[in-house]
Amino acid sequence: MCRADRGVVLGLHRSGPDRDLLEHALSLGVRGIDTAYNYQGFTTHRALARTAADLLGDFTLSTKVGYFLSDTGERPVHSLDPARLRAAVERSADDLSRIPDVVFLHNPEVTLSELDPTESYDRLAAACATLSEASRSGLCGAWGIATWDPRPVAAAVEHRVSDIQPHVVLLRAGLSVAAPILSVGESLCRTMGVNTQHRWGMSPFAGSMADPAWGVVDLRAFLASDQDWSTPQAAFRLAYELPSVARIAVGTSNPAHLRELVAATAMRLNSAALVRYRELINEAP
Ligand SMILES: NC(=O)c1ccc[n+]([C@@H]2O[C@H](COP(=O)([O-])OP(=O)(O)OC[C@H]3O[C@@H](n4cnc5c(N)ncnc54)[C@H](OP(=O)(O)O)[C@@H]3O)[C@@H](O)[C@H]2O)c1
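All of these numbers come straight from a predicted model, not from anything done at the bench.

Glancing now at the site of the ligand. The full set close to the ligand counts 29 residues, and Asp34, Asn107, Phe205, Thr252 and His257 are the nearest of them. With respect to the ligand, the backbone of phenylalanine 205 contributes an N or O atom lying 2.7 Å from an oxygen atom. Contact between the ligand and glutamate 260: a nitrogen atom at 3.3 Å from a side-chain N or O atom of the residue. Burial of the ligand by the surrounding chains reaches 88%, relative to a free accessible area of 900 Å². If you map the ligand onto the pockets, it falls in the largest pocket. Secondary structure elements with two or more residues in the shell around the ligand: β10 (247–250) and α11 (255–264). For the shell around the ligand, the element with the highest residue contribution is α11, accounting for three residues. Across the shell around the ligand, the residue classes break down as 13 nonpolar, 12 polar and four charged.

Rendered as structure tokens:
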């Protein structure tokens, strides 16, 4: 199993844009940046335009809307209100000084999980219609749904015969994703007609490699024979299969780490071990 272009996307959740790192990313063939309206205290879009406006055209740029400043300004609040979403998409294009290639609805499950099924469907459909209309009117190239926990989203979509059809879905990916999240994410994509090429993954290390589990895990059984890769590299490559996605948004502020991740996309995997892994996690209580 080996594909030439595995689509590494530099995620800006944990660090602000760094021009040197972006130039380094381009030199490695990284062509994606993923950000959000609310990252770094709602400042990342402007910071990107300020520090790297001339580089942004070389990247596929995705962002997300769904978190907003609260009235007190203390912490972001989640909302699926169409007017707020539309305003955030407009503001994003202004702040970036560029039309984003993709705008995701950011974690709709935060609001949906508090609603009954009918209201949940209606609110999700209205929010998606807002992003779809923004895409049609040229405020973004495409629109999608980014979800950390797809279960409330799937419950809403499956409540009715749905015409919610995002261009792209962004899902958690990798060894840390529990079986129910994996399988519901996959079935949600199938229900909405989103094929593998339009499924993207995120957070391949669940946010950090500092967890002691990463220090003891042995991933060699997942590799096709005669290969020598580090644990972060193997975990990153496996994330493209768990679930099957075309691109992965990963966070790093370390140029050497980024180089390792790009190199890892050439890794060949033992597909039988992956099948067995899915069986085992599905059987787990
Ligand atoms: N709901 C959502 O929409 C959502 C939620 C979460 C994430 N995301 C997207 O996914 C992106 C990535 O998520 P994330 O940053 O939370 O988690 P992540 O990519 O799983 O983990 C980032 C961590 O991994 C470390 N790392 C990266 N490459 C490494 C390597 N080769 N060796 C050792 N450590 C390495 C980084 O440290 P160093 O800096 O030291 O390399 C950083 O601490 C975000 O930026 C965002 O774009 C979206």
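Of the two faces of β10, the one holding Arg247 and Ala249 and the one holding Ile248 and Val250 are both buried throughout. As judged from the three bridges shared by strand β1 (residues 8–11) and β10, these two strands associate in the parallel manner. Of the residues in β10, the one forming a bridge with valine 9 is alanine 249. The sheet contact formed by strand β9 (residues 199–202) and β10 spans three bridges and is parallel. Paired with methionine 202 across the two strands is alanine 249, which belongs to β10.

Take the pattern of salt bridges next. It is possible for side chains bearing opposite charge to pair when their charged atoms get close. For the coordinates displayed, the defined rule picks out 15 salt bridges. When the shortest N-O distance is used, the salt bridge between aspartate 34 and lysine 64 registers 2.6 Å. Of this pair, aspartate 34 sits in strand β2 (residues 32–34) while lysine 64 is found in strand β3 (residues 60–65), placing the two residues 30 residues apart along the sequence. Here the two residues aspartate 34 and lysine 64 agree in accessibility, since each one is buried.

Once that is clear, we can look at the environment of glycine 185. Assignment of secondary structure puts glycine 185 in helix α8 (residues 179–192). Note on glycine 185: relative accessible area 1%, which makes it buried. The spacing of glycine 185 and tryptophan 214 is 29 residues in sequence and 24 Å in space, taken between C-alpha atoms. Setting aside chain neighbours within four positions, we find glycine 185 in contact with Pro150 and Leu171.

Leucine 242 connects to proline 243 through a cis peptide bond whose omega is 0°. Despite not being glycine, glutamine 40 has its phi angle at roughly 50°, a positive value. Residue position: glutamine 40 is located in helix α2 (residues 39–42). By relative accessible area, which is 35% here, glutamine 40 ends up partly exposed. The backbone phi angle of alanine 206 is positive, close to 55°, even though this residue is not glycine. With respect to the helices and strands, the residue alanine 206 is situated in the loop between β9 and α9 (212–216). According to the relative accessible area criterion, alanine 206 is partly exposed, its value standing at 39%.

Conventions and cut-offs
- Residues numbered from 1 in each chain as written.
- Predicted model: local features only at pLDDT ≥ 70, side-chain atom pairs only at ≥ 80, totals over all residues.
- Heavy atoms only, no water.
- Near = heavy atom within 4 Å.
- Polar contact = N/O pair within 3.5 Å; in protein donor to acceptor, adjacent residues only side chain to side chain.
- Areas by Shrake-Rupley, 256 points an atom, 1.4 Å probe, with all protein chains shown as cover.
- 1 Å grid on protein atoms, 1.4 Å probe; cavity = no way out; pocket = protein on both sides within 12 Å on 5 of 7 lines; lining within 4 Å.
- Sits in = over half its atoms within 2 Å of the grid points.
- Helix = DSSP H or I, 4+ residues; strand = E, 2+ residues; numbered from the N terminus.
- Nonpolar A, V, L, I, M, F, W, Y, C, P; charged D, E, K, R; others polar.
- Buried < 20%, exposed > 50% of the residue type's maximum accessible area, 1.4 Å probe, protein only.
- Pairing = 2+ DSSP bridges.
- Salt bridge = Lys/Arg side-chain N within 4 Å of Asp/Glu carboxyl O.
- Contact = heavy atoms within 4.5 Å.

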